[in-house]
Structures are given as C-alpha cells and as structure tokens.
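If you want the building blocks of each chain, they are given just below.
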Amino acid sequence: MRYDCLIIDVHNLAYRTFNYKKEVPYYVSKKQVYKKSICAFINKIEELKETFLHADGTIYLLFDNQTSRIDLQSTFYFAERKKAYTKYKEDRDKQPKEFYNSINLLKYYYMVSPPQYVTIQVPMLEADDLVEPVLRLYCTNKTTLMVTTDYDWARYVSAQVHWLPGYSVTEPEDATQLSARMGFPISENTVVIYKSLFGDVADNIPAVVSERYKAQFLQFLALTTDPDAVPFIACKDYEDESLQEMCKQIKEQENQYRINVQIVRTIPVRDEHVYAVTTKGRDSKVALRAVQEAIGLSNPHEKFVFGNIRRPRA
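Overview of the structure. (Residues numbered from 1 in each chain as written. Predicted model: local features only at pLDDT ≥ 70, side-chain atom pairs only at ≥ 80, totals over all residues. Heavy atoms only, no water.)

## Some details on the overall build of the chain
Phase 1: Counting its regular elements, the chain contains 14 helices and 8 strands.
Phase 2: Out of the 314 residues belonging to the chain, those deemed buried represent 53%.
Phase 3: Total accessible area on the chain is roughly 15600 Å²; 51% of this is exposed by carbon and sulfur atoms. (Helix = DSSP H or I, 4+ residues; strand = E, 2+ residues; numbered from the N terminus. Buried < 20%, exposed > 50% of the residue type's maximum accessible area, 1.4 Å probe, protein only. Areas by Shrake-Rupley, 256 points an atom, 1.4 Å probe, with all protein chains shown as cover.)

## Overview of the side chain of Asn 260
Phase 1: Within the secondary structure, Asn 260 sits in helix α12 (residues 254–264).
Phase 2: Within the local environment of Asn 260, its side chain forms a polar contact with the backbone oxygen of Pro 206, the two atoms lying 2.9 Å apart. (Polar contact = N/O pair within 3.5 Å; in protein donor to acceptor, adjacent residues only side chain to side chain.)

## Considerations on unusual backbone geometry
Phase 1: Of note in the backbone geometry, Lys 30 takes a positive phi value of approximately 75° without being a glycine.
Phase 2: Relative to the elements of secondary structure, Lys 30 occurs in the loop between β2 (26–28) and β3 (31–33).
Phase 3: The exposed category is assigned to Lys 30, whose relative accessible area is 80%.
Phase 4: A positive phi angle, close to 55°, is found at Asp 283, a residue other than glycine.
Phase 5: Within the element layout of this structure, Asp 283 appears in the loop between β8 (278–280) and α14 (285–295).
Phase 6: Asp 283 sits in the partly exposed class, given a relative accessible area of 34%.

## Comments concerning the nonpolar core
Phase 1: Counting residues in each nonpolar core, the largest one holds 56 residues, and the members touching the most others are Tyr 60, Leu 62 and Leu 197.
Phase 2: Per element, the largest residue contribution to this core is 6 residues, and it comes from helix α8 (residues 188–198).
Phase 3: Among the nonpolar cores identified, the runner-up in size contains 39 residues, and Leu 13, Ala 14, Val 147 and Ala 287 belong to it. (Core = buried A, V, L, I, M, F, W, Y, C linked by side-chain atoms within 4.5 Å.)

## A closer look at the environment of Ala 127
Phase 1: You can see Ala 127 is positioned in the loop between β5 (117–121) and α6 (131–138).
Phase 2: Overall, Ala 127 belongs to the buried group, its relative accessible area being 0%.
Phase 3: Along the chain, Ala 127 and Thr 266 lie 139 residues apart, while their C-alpha atoms are 9.9 Å from each other.
Phase 4: With sequence-adjacent residues up to four places away left out, Ala 127 is seen in contact with Asp 9, Leu 62, Phe 63, Asp 64 and Trp 153. (Contact = heavy atoms within 4.5 Å.)

## Here's the deal with the pairing of strand β6 (residues 144–147)
Phase 1: Burial along β6 is two-sided: the face carrying Thr 144 and Met 146 and the face carrying Leu 145 and Val 147 are both buried.
Phase 2: With 4 bridges connecting them, β6 and strand β7 (residues 161–164) associate as parallel partners. Within the sheet, the bridge partner assigned to Val 147 lies in β7 and is Leu 164. (Pairing = 2+ DSSP bridges.)

## Side note on helix α11 (residues 241–252)
Phase 1: Taking 1.5 Å of rise per residue, 12 residues should cover 16 Å, and α11 covers 17 Å from first to last C-alpha, within 8% of that figure.
Phase 2: Considered for burial, the residues of α11 that qualify are Leu 243, Met 246, Cys 247, Gln 249 and Ile 250. All buried residues of α11 fall inside an arc of 155° around its axis, so they share one side. Turned more than 90 degrees off the buried face of α11, the exposed positions are Glu 241 and Glu 252.
Phase 3: Contacts from the buried residues of α11 go to α8, α9 (214–221), α10 (230–233) and α12.
Phase 4: Measuring from the side-chain oxygen of the N-cap residue of α11 to the backbone nitrogen of Ser 242 gives 3.0 Å; that N-cap residue is Asp 240. (Expected span 1.5 Å × (residues − 1). Arc of directions from axis to C-beta.)

Have a look at this one:
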C-alpha cells in the first residue's frame, strides 16, 4: 500500500539508523557530526519514500527539542510533568553533542530539500505532542503512515492512519491489526489507560497493576474508556474475583495512576503555533548539493536498501 503522507519520528528513527558508537565524527561547518549515520538516515527516508509514498505525497519530519530529552526536564515547560513524577524519562541516555549536531544538520538538509519534505519542531516539546495536530491539520482524509517504535503514537492508529514500528512488526498495521496484536481496541483513551495502568519501562512510568491482569483489562474497558473515570470505576464491587483484585490494586495506587495519566497525555499545541513552525523544503539545489558533498552522500536518489537492500557501490 502507498500513502499520501509519511510522518517520521526523527529522533526515534535516528536511534535506529545511527551507528555513531562505532563512528568517528568529522567537522562540517565548524561542528562535528556523524557523517555516515546522517547518510544512513537519509537513505532510510528515501527507502521509505520509494516503498510507501505516492509520487505526489508528503513526508513530515517531526523533531524533538534540539537538545537532549533529559535537558527538557529542567525547563519550565515540562515543570508539571517533572513535578508529577521526578523519574519521568530521567534514565534515558544522554547522547553525545555530535549526535544532536547530526540531527540539526539533518533538519537543515530537509529544509533545503524539495517541498515534498516538511520539517516541524516546537521548542521544548517532543515529537509525540505534534502527531495529533499534524494529522488533523495536514493529513485529514488522507492515508497516512507513521514511522516510529514509540507506542505513544499507537493511540492515533486508525483505518486511514497506519504505523510501521519496525522492530517486531515489519509491515504497516492498521487499527484492526494493532488491536488484535495488543489484545484491546486501540484509541487515544485506551492507550492512555493501558500505559497508565501497566506502566512503560522506556519512559520510567511505574506500573499500577500487575501484568497478570492484562486479561482482565479488556473487561475493564467495557466499564469505561475515560482515563479520568478509572479510579471511580475501580471503587465498585465485581463478582469476577480477578477483576476485583485488579480494581483493588488501582485503588491502592490511585495517586500514582493519576500521575501516570498526566505524564502519558500529550501537551496541547495551538494550531497557529504548528503552522508557524511548519517549514516546507525550499528546494535550494545549491545548498542541498553542498550538504551532500560535505557528508559524502554521492547520490541519495539512486536505488538502495537499508539493511538487506542493495545499494550502489562506492
């Protein structure tokens, strides 16, 4: 299947394509970057474009804050999230400065690319917070493929919006397929409840209930799909013993559950703000060629494959 829109989680994809731990950085315009890793990222985008995008489709590249996510915790914008739970994402590895320099160069590369490439970045926000407005403002009534392994994005999967997580799943999934794999109907609210109850090791979100109650989770969703109503529903008595035990754990950890919900929910972004930071590639062939030569990208538009795919020999 080919799509009208690709939405790329840039930092997430960079973590999967960069091989910087085995790469020596080089100076490009006074800053050191990982040239081979940048080329691998660009080649991966071209592979995705060739495989999944319509000829007249658009690629939206969503960037996190340009510095590390750990740095976000010390800013006022994330004060509420950090105040809610001080361990939120604190164990995420802080990458070397050359990693972030490489991300910044990638952003510039796509800003001077053809208009088919669109970059979006809001200071102090993560890419997670930009998905909903991008889908609503730019991808309504269009088939869309999200490229990320971040399960926070799963809440937006639908009949028209698919995702390509890329680790355990190698083909795009729609809402029906993802729901079958996860074991519950996928929606924004159900994903918030799921992560708030069972936690997320990657984001240091602690579990409120034991994983052994995942079978009862579907029963619980039949009672409510409103994350704010969960503590009230858990106060009722149920004949099913396992469901009653699950509710008991929710009641005992009600405060942590409410904290988790606050963390898992995205931060709203005003439409005018999104419009202001949306940048279409300005198709500057001179600048684009300069970057390609600087990083040793000979011809990014030739056929290639990431991983087991053929690529031109040097």
